[in-house]
Amino acid sequence: MAVCARLCGVGQSRRCRRRQRNEQQDQGSDSDMDEEEGERIVGQTQRRAEAGCSGGPDSNPRPPQSLADLPPELLVEIFSLLPGTVLPNVALVCKKFRQILNTETIWRKRCMEEFGMNEDLRKMEAGGVCSQDLYVKLLHPYRHILGLWQPDIGPYGGLLNVVVDGLFIIGWMYLPPHDPRVEDPMRRRPLFRIHLLESKKATVECMYGHKGPHKGDIQTVKKDEFSTKCNQTDHHRMPGGRQEEFRTWLEEEWGRTLEEIFHEHMQELILMKFIYTSQYDNCLTYRRIYLPPARPSDLLQPGLFKGTYGSHGLEIVMLSFHGSSARATKLTGDPNVPAGQLTLDIDLRRPVVLPDLEQQRNIEELSRLVLRIHEEVQGDAGQHDSVAPPTVKSAEEEGACGGTSGPEPEEGDHGACSDSCQPGPSRSSSPPEAQPFVLPLGVMARNEVYPRTCRKCFYGTGLIAGHGFTSPERTPGLFVLFDEDRFGFIWLELKSFSLYSRLTDHLPHAHAPNMERFEAMLRNMQSWTS
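Residues numbered from 1 in each chain as written. Predicted model: local features only at pLDDT ≥ 70, side-chain atom pairs only at ≥ 80, totals over all residues. Heavy atoms only, no water.

With respect to the environment of Pro 293
- Structurally, the position occupied by Pro 293 is in the loop between β8 (283-289) and β9 (303-308).
- Relative accessible area serves as the criterion here: at 23%, Pro 293 is assigned to the partly exposed category.
- For the pair formed by Pro 293 and Ala 512, sequence separation is 219 residues and the distance between their alpha carbons is 6.4 Å.
- Not counting residues up to four positions away in its chain, the partners in contact with Pro 293 are Asp 298, Pro 302, Ala 512, Asn 514, Met 515 and Phe 518. (Helix = DSSP H or I, 4+ residues; strand = E, 2+ residues; numbered from the N terminus. Buried < 20%, exposed > 50% of the residue type's maximum accessible area, 1.4 Å probe, protein only. Contact = heavy atoms within 4.5 Å.)

Written out as structure tokens, the structure reads:
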């Protein structure tokens, strides 16, 4: 108890002092007490009196009359449970509270519980930076930029994850694996970082380029939006000029040289992306995005997936469930269908039962099955055009949807779906038996490695468009669920297949508060690139 009191700097509790006084009286002499210990107790008692918290030498203990009467060790425990945002107000109550709030235990616990810091705190404290400075000058002021963000890079979009990483706040730009390895882990590149200098002042540094960290700045534009600016753009330039910058970018972005890309159209798309995105190397604006909420009735766990999109390479989509439909929204896009658009819209009320393997190889047979359902959907839409479901109505369903721009297929899998037509089959029920699957002949895939069994298939539509998002239209296709972490889509009109694999990275501070906020975010995403 004495140790806790010393940590708080406000003296010992009444019980400790009373026990010491009784021991002194029993001994009958002050000489038995160590002189240094006596001076310490007297000094603590004087400080306690100055704080207005001293009590008389009553022999009968009185119960605490207020929070200030509690022993310091209890107050430390209580204050450790409060959110860090209210602790400055607690410090205004009295001098005793202000002294107790200088205890490292309180701020260390706040850093751990609110920002997930653990072993890094010990290293930091050994280096002379206290937990209170870390919380007050770094973590708390920049807490509003933690989480997932989409950069405003025209049709290309992106995925930024701002996290507490050691003793830094770092903005990581997530990049898909090199095409067409859709099941490889994500790549990431730091764009900026914030940390405390020896002067205990938060410093923003730009990490773009190949010359190391340099001066940067962060500004909060408005709620759920912020901007970064580089103050030393010369660090982004390379000695070999734009040609060397392009070769380096191509190696990082595609994992190959331009000479290794034989498809002329793909070369044009790559050069176009480099020219466009390099304009944003000194200033970028980011808008907050959320991970989709999960429900027990969802067909599979919603989240982020990497998918193959033909000559455009791999792109990142967000799979979410809305009543009787599943939707995949682009987080990264291309000049045909930009980021923010609804790339896939799957009708979970319309399962598709696949034929045997031999008939699956026939693209005409698959087209007949899917187009028959497509005609039924169009007929139903014509009959009920004036009656729109109020709970599912959204901007996405009114035509502002995003999809694929001529994706080349990669991996696929079709499954027989003889289940009931209820929306969103529950994941808690036993998974259906896997069915054999093969891609139809003539359907293009980025490679020949794709799952050969699947669980379910559903009718759906994907968005295709011309360059510049001209003449967008939804085209029918087949959604194929392989397992909990992979699904595919066959684009019948394009005769191509896209395989999607789950992004498994841990993404803290990214969950939507509720479904209403998430759906509002989806509508805003479409307006950014429409």
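Let us keep going from here.
Some details on the pairing of strand β4 (residues 187-196)
- Examined bridge by bridge, strand β3 (residues 168-175) and β4 share seven bridges and lie antiparallel to one another. Residue pairing for β4: Trp 172 is matched across the bridge by Pro 190.
- Both β4 and strand β5 (residues 202-206) contribute to a ladder of five bridges, which runs antiparallel. Within β5, the position partnered with Phe 192 by the bridge is Cys 206. (Pairing = 2+ DSSP bridges.)

Let's talk about the sheet that holds strand β10 (residues 314-322)
- Pairing is antiparallel in the closed barrel, where eight strands are placed in the order β9-β10-β11-β12-β15-β16-β17-β18. Pairs of neighbouring strands in the sheet enclose a mean axial angle of 30 degrees, with direction left out of account.
- The pairing of β9 with strand β18 (residues 496-502) spans three bridges and is antiparallel. Note on β18: the bridge partner recorded for Phe 305 is Arg 502.
- The strands touched by helix α13 (residues 363-383) are β12 (342-351), β15 (456-466), β16 (470-483) and β17 (486-491); relative to β16, the strand with the most contacts, the crossing angle is about 120 degrees. (Axes fitted to C-alpha atoms, helices over the stretch in contact; angles between N-to-C directions.)

Concerning the packing of aromatic side chains
- A full pass over the atoms with the stated rule returns 19 aromatic pairs.
- Residues Phe 115 and Tyr 135 carry aromatic rings whose centres are separated by 5.8 Å and whose planes lie at 70 degrees to one another, so their mutual orientation is edge-to-face. Linking Phe 115 in helix α7 (residues 104-115) with Tyr 135 in helix α9 (residues 131-139), this pair joins segments that are 20 residues apart in sequence. In this structure, Phe 115 and Tyr 135 share a single accessibility class: buried. (Phe/Tyr/Trp six-rings, centres within 6.5 Å; stacked < 30°, edge-to-face > 60°.)

Here we look at helix α10 (residues 241-254)
- Here α10 spans 20 Å end to end across 14 residues, near enough to the 20 Å set by a 1.5 Å rise per residue.
- Within the sequence span of α10, burial applies to Glu 245, Phe 246, Trp 249, Leu 250, Glu 253 and Trp 254. Each buried residue of α10 sits inside an arc of 135 degrees when the element is viewed along its axis, so together they form one side. (Expected span 1.5 Å × (residues − 1). Arc of directions from axis to C-beta.)

Section: the sheet that holds strand β6 (residues 214-222)
- Within the closed barrel, the eight strands sit side by side as β1-β2-β3-β4-β5-β6-β7-β8. Their pairing is antiparallel. Neighbour-to-neighbour, the strand axes of the sheet open up by a mean angle of 35 degrees, direction not taken into account.
- Sheet topology places strand β7 (residues 225-230) next to β8; five bridges connect them, and they run antiparallel. Its bridge partner lying in β8, Phe 226 is registered against Tyr 286.

A look at the pairing of β9
- Counting buried residues along β9, six of its six residues qualify, which places the element largely inside the surrounding structure.
- In terms of strand pairing, β9 meets β10 through six bridges, oriented antiparallel. Bridge pairing in β10 links Gly 307 to Glu 315.
- Here β9 folds back onto β10, and the loop between the two strands holds five residues, one of which, Gly 310, carries a positive phi near 55 degrees.

Notes on unusual backbone geometry
- Following Asp 179, the chain continues into Pro 180 via a peptide bond in cis, with omega recorded as 5 degrees.
- You can see Pro 180 is positioned in the loop between β3 and β4.
- Backbone geometry at Asp 224 places phi at a positive 60 degrees, although glycine is not the residue there.
- Within the secondary structure, Asp 224 is located in the loop between β6 and β7.
- Non-glycine residue Ser 471 carries a positive phi angle of around 50 degrees.
- Among the secondary structure elements, Ser 471 is positioned in strand β16.

Describing the confidence of the model for the protein
- Per-residue pLDDT for the protein has a mean of 78; in total, 76% of the residues score no lower than 70.
- Predicted confidence for residues 1-14 stays below pLDDT 50, and this span has 37 contacts to residues more than four positions away or in other chains.
- Confidence drops under pLDDT 50 across residues 388-426; counting only partners more than four residues distant or on other chains, this segment forms 177 contacts. (pLDDT = per-residue confidence, 0-100.)

Points about the pattern of salt bridges
- The full count for this structure, using the stated rule, is 25 salt bridges.
- Measuring nitrogen to oxygen at the nearest pair gives 2.8 Å for the salt bridge that ties Arg 350 to Asp 380. Linking Arg 350 in strand β12 with Asp 380 in helix α13, this pair joins segments that are 30 residues apart in sequence.
- Classification of Arg 350 by relative accessible area gives buried; the value is 18%. (Salt bridge = Lys/Arg side-chain N within 4 Å of Asp/Glu carboxyl O.)

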